[in-house]
Amino acid sequence: MKYDGFTTRLVHADRLLNRPQNGAVHHPSTNSVLFEYEDIQGLVDVFQGKVAGHAYARQSCGTIAALQTLLTQMEKGVGALTFASGMAAITTTLLTLLKAGDHLVMSQYVFGNTASFKETLEGLGIQVSLVDVTSAEQVEAAILPHTRAVFTETIANPVTQVADLVGIGELCQQRGILFVVDNTMTPAYLFNCSSVKASLIVSSLTKYIAGHGNALGGAVVDTGLFNWQHYPNISETVKPQPPATWGLNQVKKKGLRDMGGCLSADTAHAISVGMETLALRMERACSNAQIVAEFLAQHPKVNAVYFPGLPSHPHYERAKTLFKYPGAILSIDLVDGLDPHQLLNNLSLILNATHLGDTRSLGLPVASTIFYESGAELRQKMGINDSMLRFSLGIEDPDDLLNDFAQALACLS
Ligand SMILES: *Cc1c(COP(=O)(O)O)cnc(C)c1O
């Protein structure tokens, strides 16, 4: 596309690149599961990968293709696949590119369900090492001769550690190791994963990208930076196509087609519409997070604020170099003796709910909910205190958020 502005591209890519019929500005939601060919050779060519087209909606349909175009454009990558959820994107990508006997280096600060998925990988004979990714040296020390991939997030949830993305990217490039970045916390408006040499970008579309709390989805985008010709686990079935397509094609055939965690057309359409305002929502949510973090950091009833936009944060400088803004998630510890549940119940605007990246601000206690199952040992490794509260800031007007926090803290005894 000839336009370079982030939002310009998102708002116009579907119209200009996909040319929907009858002057429509969105590709419509196409709910047909099957696709008819007048000449059967057309279907044969699609099956054999000789011609691009749709055969059955588990693999692709027009609405999904339109969303994939948007995601590819947004990340300036070479291709994208979409899935029923962020977890479907993560599990499908790892299960189809790794096999028994491989080793995976994974951040010790990942999303709770990704951390839990480690057990499934290990059950299938894939060795997983959990590593402190805030240091590329730690990652390097964990690499073994059979290490196939490094998997990390950008800013960790809930303690907001920032991965040494530049160092890990260089390391992976030198060693020819696949570098998979879960960019859910800092979507493309905040951070371009290609700048740190990521091979694949996985995202939960459910969070900031769709943004409105009304659609689940996930994606994997190939940045085009990894040389798939040197990857040992490529199936013979994808090799007739150019090597640049091997990785995503394998995830598509073995993951989407064979495992079936596909997105529905209606949901893809909802996500495409939500995405149009990603930059505007990120501007507001990130600004709200900064304002609220500064307010809470100076409040006498708050003991600690975890937010990479505060100069006291251990990765403040790193976050400043990497990201346009340091995200919109923050966590806090109250002063000893104050009841964190009472604070949440005192808040009237901020919802008691799990989820993040919504238009609405949300809060929850971490150790008793999203990281309850992880157990005390892993929580300690992640830096999660028993009384920690996490907030995901939405796009409300900042004064309303500040007033809500102020009144909720004032009533706390
Ligand atoms: C929410 C989340 C996921 C999972 O996404 P779903 O769409 O809920 O399946 C994965 N990674 C991160 C960092 C997340 O925040």
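Residues numbered from 1 in each chain as written. Predicted model: local features only at pLDDT ≥ 70, side-chain atom pairs only at ≥ 80, totals over all residues. Heavy atoms only, no water.

Asks: How would you summarise the pairing of strand 9 (residues 329-334) if you had to cite specific residues and measurements?
Replies: Strand 9 sits mainly inside the fold: six of its six residues count as buried. The two faces of strand 9 match: Ile329, Ser331 and Asp333 on one face and Leu330, Ile332 and Leu334 on the other face are all buried. Sheet topology places strand 8 (residues 302-306) next to strand 9; four bridges connect them, and they run antiparallel. By the bridge assignment for strand 9, alanine 304 is matched with aspartate 333. Note that strand 9 and strand 12 (residues 389-392) share four bridges and pair antiparallel. Considered in strand 12, the bridge of serine 331 is made with arginine 390. (Buried < 20%, exposed > 50% of the residue type's maximum accessible area, 1.4 Å probe, protein only. Helix = DSSP H or I, 4+ residues; strand = E, 2+ residues; numbered from the N terminus. Pairing = 2+ DSSP bridges.)

Asks: So what's going on with the site of the ligand? Residues and values would help.
Replies: Taken together, Ser85, Gly86, Met87, Ile90, Phe111, Glu153, Asp182, Thr184, Ser204, Thr206, Lys207 and Gly217 make up the full set of residues near the ligand. Separating an oxygen atom of the ligand from a backbone N or O atom of methionine 87 is a distance of 2.9 Å. For the ligand, an oxygen atom lies 2.7 Å from a polar atom in the side chain of serine 204. Protein coverage of the free-state accessible area of the ligand, which is 380 Å², stands at 93%. (Near = heavy atom within 4 Å. Polar contact = N/O pair within 3.5 Å; in protein donor to acceptor, adjacent residues only side chain to side chain. Areas by Shrake-Rupley, 256 points an atom, 1.4 Å probe, with all protein chains shown as cover.)

Asks: Account for the sheet that holds strand 9, with residues named and values stated.
Replies: With mixed pairing, the five strands of this open sheet are ordered in space as 8-9-12-11-10. This sheet does not close on itself; its edge strands, each paired only once, are strand 8 and strand 10 (351-352). This element, helix 10 (residues 278-297), spans strand 8 and strand 9 of the sheet and lies at about 15° to strand 9. (Contact = heavy atoms within 4.5 Å. Axes fitted to C-alpha atoms, helices over the stretch in contact; angles between N-to-C directions.)

Asks: So what's going on with the sheet that holds strand 3 (residues 127-131)? Which residues, and what values?
Replies: As summarised here, the arrangement of the seven strands in space is 1-7-6-5-4-2-3, forming an open sheet in which the pairing is mixed. On the outer flanks of this sheet lie strand 1 (79-83) and strand 3, each paired with one strand and no other. Between one strand axis and the next, the sheet turns through 20° on average, direction left out of account. Judged from the three bridges that link them, strand 5 (residues 178-182) and strand 6 (residues 200-204) form a sheet pairing that is parallel.

Asks: Describe unusual backbone geometry, listing the residues and the values that go with them.
Replies: Trans peptide bonds make up most of the peptide bonds, and negative phi angles are found at most residues other than glycine. Residue asparagine 157 is joined to proline 158 through a cis peptide bond whose omega torsion reads 10°. Here proline 158 lies in the loop between strand 4 (147-153) and helix 7 (165-175). Phi is positive for lysine 76, which is not a glycine, with a value near 50°. For histidine 355, which is not glycine, the phi dihedral falls at a positive 105°. When you line up the elements, histidine 355 lands in the loop between strand 10 and strand 11 (362-365).

Asks: Run through the layout of surface pockets, naming residues and quoting values.
Replies: Considered as a void within the structure, the largest pocket measures approximately 1100 Å³ in volume. Around the largest pocket, the lining comprises 34 residues; the ones closest to its centre are Val51, Ala52, Gly53, Asn249 and Lys252. Element by element, the count of residues in the lining of the largest pocket is highest for helix 8 (residues 246-259), at five residues. For the lining of the largest pocket, a count of residues per class yields 15 nonpolar, 15 polar and four charged. (1 Å grid on protein atoms, 1.4 Å probe; cavity = no way out; pocket = protein on both sides within 12 Å on 5 of 7 lines; lining within 4 Å. Points joined across faces, edges and corners; volume = space filled by probe spheres on them. Nonpolar A, V, L, I, M, F, W, Y, C, P; charged D, E, K, R; others polar.)

Asks: Tell me about the pattern of salt bridges, and please be specific about residues and values.
Replies: Counted according to the given criterion, the structure contains eight salt bridges. Glutamate 122 is the partner of lysine 118 in a salt bridge, and the nearest nitrogen-oxygen pair spans 3.0 Å. Taken together, the residues lysine 118 and glutamate 122, both in helix 5 (residues 112-123) and four residues apart, mark about one turn of the helix. The class of glutamate 122 is partly exposed, set by a relative accessible area of 35%. We note a salt bridge from arginine 175 to glutamate 140, for which the minimum N-O separation is 3.1 Å. Residue arginine 175 is located in helix 7, and its partner glutamate 140 is located in helix 6 (residues 136-142); the two are separated by 35 residues in the primary sequence. Note on glutamate 140: relative accessible area 38%, which makes it partly exposed. (Salt bridge = Lys/Arg side-chain N within 4 Å of Asp/Glu carboxyl O.)

Asks: Please give an account of the packing of helix 4 (residues 86-97) against helix 5 that cites residues and values.
Replies: Two elements in contact, helix 4 and helix 5, have axes separated by 11 Å at closest approach and are oriented at 30°. Put simply, helix 4 runs roughly parallel to helix 5. Remark: the crossing between helix 4 and helix 5 carries right-handed chirality. Of the residues in helix 5, those in contact with Met87, Ile90, Thr91, Leu94 and Leu95 of helix 4 are Asn113, Thr114, Phe117 and Leu121. (Parallel < 35°, antiparallel > 145°, perpendicular 65-115°, else oblique. Left-handed = near helix turned anticlockwise from the far one by under 90°.)

Asks: Lay out the packing of helix 3 (residues 62-75) against helix 9 (residues 265-275) with the relevant residues and their values.
Replies: Where helix 3 meets helix 9, the axes come as close as 8 Å, and the angle between the chain directions of the two elements is 30°. The angle between helix 3 and helix 9 places the two elements in the roughly parallel class. Where helix 3 crosses over helix 9, the handedness of that crossing is left-handed. Here Thr63, Ile64, Leu67, Leu70, Leu71 and Met74 of helix 3 come into contact with helix 9, specifically with Ala265, Ala268, His269, Ile271, Ser272 and Met275. Looking at the contact of helix 3 with helix 9 residue by residue, the class counts come to nine nonpolar, three polar and no charged.

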